[in-house]
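The chain contents come next:
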Amino acid sequence: MFKKLLLFIFIITFSKTFLAQSQFGDFLNRVNSISDQTAKKTVVDSFYSFAQTKGIPFIEKNTANFIYRGNSNTVQVAGDFTGWNPSPNLTKLDGTDLFYGSANFEMNARLDYKFILNGGTWILDPANPHRVPGGFGANSELAMPEYVQPWEINYKANIKHGKIEQKSIHSNIVKANYQLRIYLPPDYDSSATTYPAVYFQDGNDYLNFASAQNIIDNLLDSNKIKPFVGIFVQPNNRNDEYAYGKRNLYAQFFVEELVHFIDSIYNTDPKPNNRLVLGDSFGGNISAIICYNHPDVFANCGQQSGAFWTNNNEVSNMLRLQEAKPIKIFSVWGTYADVSDDWRLIKDVLVTKGYQLKWIERPEGHSWGLWRATLDDLLQYFFPANSTSVKDINPEKVSFTLKQNYPNPFNPITTIEYTIPIQEANPGVFIQLKVYDIIGNEVTVLVNENQEPGNYRINFDGRKLSSGTYYYKLQAGDLVSIKKLILLK
């Protein structure tokens, strides 16, 4: 909340230093120095046309300048960075129809927002063509200069595509019907191959808002994930079924009815480590309940901004305070969302308790923009096409080694190889392989799990990063090695 308050202040306040060093500040100073109204309008028209060619909000370094032109009496902005509470009024440039306000953000931030006119009319930014879907309609998108748009959400006509089948199931447990949409990968073979199964909460939203089918098709075409059967489950009352009165009945339906229904129709692998259930917000809450209580059915749990605060932090307390279960967890959250504080607390406890956990924190909100851009990371974590694997070696003869990545420089994918030796009284060891930027900020976690002695190979995809020098660090127990890699685009 403190960060949001600071941003409220930024919205209505300009520093003199900023004004003196920016094109937008020069524009404001110039307009304020003109007394003739016609001349003012000419300058405003000229700058507005220029700003449209550069993009609105007009961004200079880490400052986003929000601009609105119109006859409204007041204009406010609300978005991820204000907790979706309307900000104080934007400033109206004297003698013009232009309203403005500014805020500072991380260079790789991506945030949703809208304008509020006259205290009650919510609209998209008419000067910003970049929009993202949301649970309450589309929002305007603010993408700072170092944010990389997700390529995988786009439809590609020249690749193989999976197909969607529609099914329905009646639950005797919940006493309700559920609509399902089933994704079958290209060249799906109903007899010769068994497939992992990925269960999506909020199924229609993942398909419509997150472009899940495009993402899966593109990842398969790029050989980044294994083919799987996707089960997109549409809730009837998501709050009740995911977080409140029917949550336990819904979890029982998932485990006792839905899984058997899917396995009876499709050639899905029945092993729990080949089943994944994932969800967003409350969908993450119910996914955690399902996995924790039924690890013999679902051993993989995907969390996209999982909201655990319901029922007196039931799920958070379950994971933190009760016995650890043999489940693997991927979690992503945005720093401009209330769940970020919960997940910062939970993540360290989960690792200490021995959970296999990968987590990503990004300067974004509680939004489909974040979830669609990280669904590829989640799927690659659980079902990579070329997963890290041990070669046939004699573990007695290996030593701790982190090799130089190749190629180096690279664009955008490079390979990292390392060797884990056997250690006394410990046939396996907890391994972390992380990538950092040049000033020491963690960029991504490539490995975060127990591994047996042997040689390993993993690919690092720098597609979402800017060109520059990075470091990768391997830690195996008390052993540490660091090397430099260079991304050139």
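Here, the structure is the one placed above.
Our subject in this report is the structure included herewith. Each chain has its residues counted from 1, running along the sequence as written. In keeping with the model being predicted, local features are shown solely for residues with a pLDDT of at least 70 and side-chain atom pairs are shown and tallied solely at 80 or more, while totals for entire chains, interfaces and linings include all residues. Side-chain descriptors were evaluated using all non-hydrogen atoms of the structure, hydrogens and water having been removed beforehand.

## Brief notes about the overall build of the protein
The helix count covers DSSP runs of H or I at least four residues long, the strand count covers runs of E at least two residues long, and both are numbered beginning at the N terminus. Looking only at helices and strands, the protein features twelve helices and 24 strands. For the protein, whose C-alpha radius of gyration is 25 Å, the value lies close to the compact-globule estimate of 23 Å for 489 residues. Counting only C-alpha atoms, the protein reaches 80 × 60 × 50 Å along its principal axes. Burial classes follow relative accessibility: with a 1.4 Å probe on protein chains only, a residue under 20% of its type's maximum area counts as buried, one over 50% as exposed, and anything between as partly exposed. Classification of the 489 residues of the protein by burial places 53% in the buried group. By the convention used here, residues are in contact when the closest approach between their heavy atoms is within 4.5 Å. By sequence separation, contacts in the protein at least 24 residues apart represent 72% of the contacts at least 6 residues apart. Note on areas: these come from Shrake-Rupley sampling with a 1.4 Å probe, and a residue is covered only by the protein chains present in the view. Only carbon and sulfur atoms are counted for the fraction: they give 48% of the accessible area of the protein, which is about 21,400 Å². Counting 46 positive and 48 negative side-chain charges, the protein places the centres of these two groups 3 Å from one another. Here the radius of gyration uses the C-alpha set of atoms, whereas the globule reference equals 2.2 Å times the residue count to the power 0.38. In this tally, Asp and Glu contribute negative charge and Lys and Arg positive charge; neither His nor the terminal groups of the chain are included. Where a charge lies is defined by one atom per residue type, namely NZ (Lys), CZ (Arg), CG (Asp) and CD (Glu).

## Some points on the packing of aromatic side chains
When we look at a pair of aromatic rings, we describe it by the centre distance and by the angle of the planes. Pairing of aromatic rings covers Phe, Tyr and Trp, the last counted by its six-membered ring, and requires centre-to-centre distances within 6.5 Å; plane angles under 30 degrees mean stacked, over 60 mean edge-to-face, and any other angle means tilted. Evaluated as defined, the whole model comprises 40 aromatic pairs. Taken together, the aromatic side chains of F66, Y68, F81, F99, F105, Y113, F115 and Y336 make up a single cluster linked through ring pairs. Both a distance and an angle decide whether a charge sits over a ring: NZ of Lys or CZ of Arg must be within 6 Å of the ring centre and within 35 degrees of the ring normal. Sitting over the ring of Y292, K325 keeps its end group 4.0 Å from the ring centre. One cation-aromatic arrangement involves K328 over Y381; the distance from NZ or CZ to the ring centre is 4.6 Å.

## Some details on the pattern of salt bridges
By definition here, a salt bridge exists when the distance from a side-chain nitrogen of Lys or Arg to a carboxyl oxygen of Asp or Glu is within 4 Å. Within the structure shown, the criterion is met by 27 salt bridges. The partner of R110 in a salt bridge is E141, and the shortest N-O contact between them spans 3.1 Å. Of the two residues, R110 is situated in strand β6 (residues 110–117) and E141 in strand β9 (residues 139–143); the sequence distance between them amounts to 31 residues. An identical accessibility class is assigned to R110 and E141; each is buried. For K160, the salt bridge goes to D187, with nearest N and O atoms at 2.8 Å.

## Notes on the sheet that holds strand β22 (residues 454–461)
Pairing between the strands of a sheet comes from backbone hydrogen bonds, and it takes one of two forms, parallel or antiparallel. Here, a strand pair is defined by DSSP locating no fewer than two bridges between the strands. With antiparallel pairing, the three strands of this open sheet are ordered in space as β18-β19-β22. Edge positions in the open sheet fall to β18 (401–402) and β22, since each of these has one partner strand only.

## Considerations on the packing of helix α8 (residues 247–265) against helix α9 (residues 282–293)
Axes, fitted as lines to C-alpha atoms, cover a helix only where it is in contact. Angles between the N-to-C directions of the axes lie from 0 to 180 degrees. Relative to each other, α8 and α9 sit at 60°, their axes nearing to 10 Å. Taken together, the axes of α8 and α9 lie oblique to each other. The handedness of the crossing between α8 and α9 is right-handed. Along its contact with α8, which presents R247, N248, Y250, A251, F254 and V255, the element α9 presents I286, I289 and I290. Tallied by class, residues from the contact of α8 with α9 come to seven nonpolar, one polar and one charged. By the definition adopted for this analysis, an angle is roughly parallel if under 35 degrees, roughly antiparallel if over 145, roughly perpendicular if from 65 to 115, and oblique otherwise. For any pair of crossing helices, the crossing counts as left-handed if the nearer helix is rotated counterclockwise from the farther one by less than a right angle, and right-handed if it is rotated clockwise. Amino acids are sorted into nonpolar (Ala, Val, Leu, Ile, Met, Phe, Trp, Tyr, Cys and Pro), charged (Asp, Glu, Lys and Arg) and polar (every other residue, Gly among them).

## Describing the sheet that holds strand β21 (residues 442–451)
Strand order in this open sheet of four strands is β21-β20-β23-β24, and the pairing throughout is antiparallel. Of all strands in the sheet, those with a lone pairing partner are β21 and β24 (479–487), marking the two edges. Averaged over all pairs of adjacent strands, the angle between strand axes in this sheet comes to 15°, irrespective of strand direction. Looking at chain direction, strand β20 (residues 429–437) and strand β23 (residues 468–476) are connected through seven bridges and run antiparallel. Following the sheet pairing, V435 is matched in β23 by Y472.

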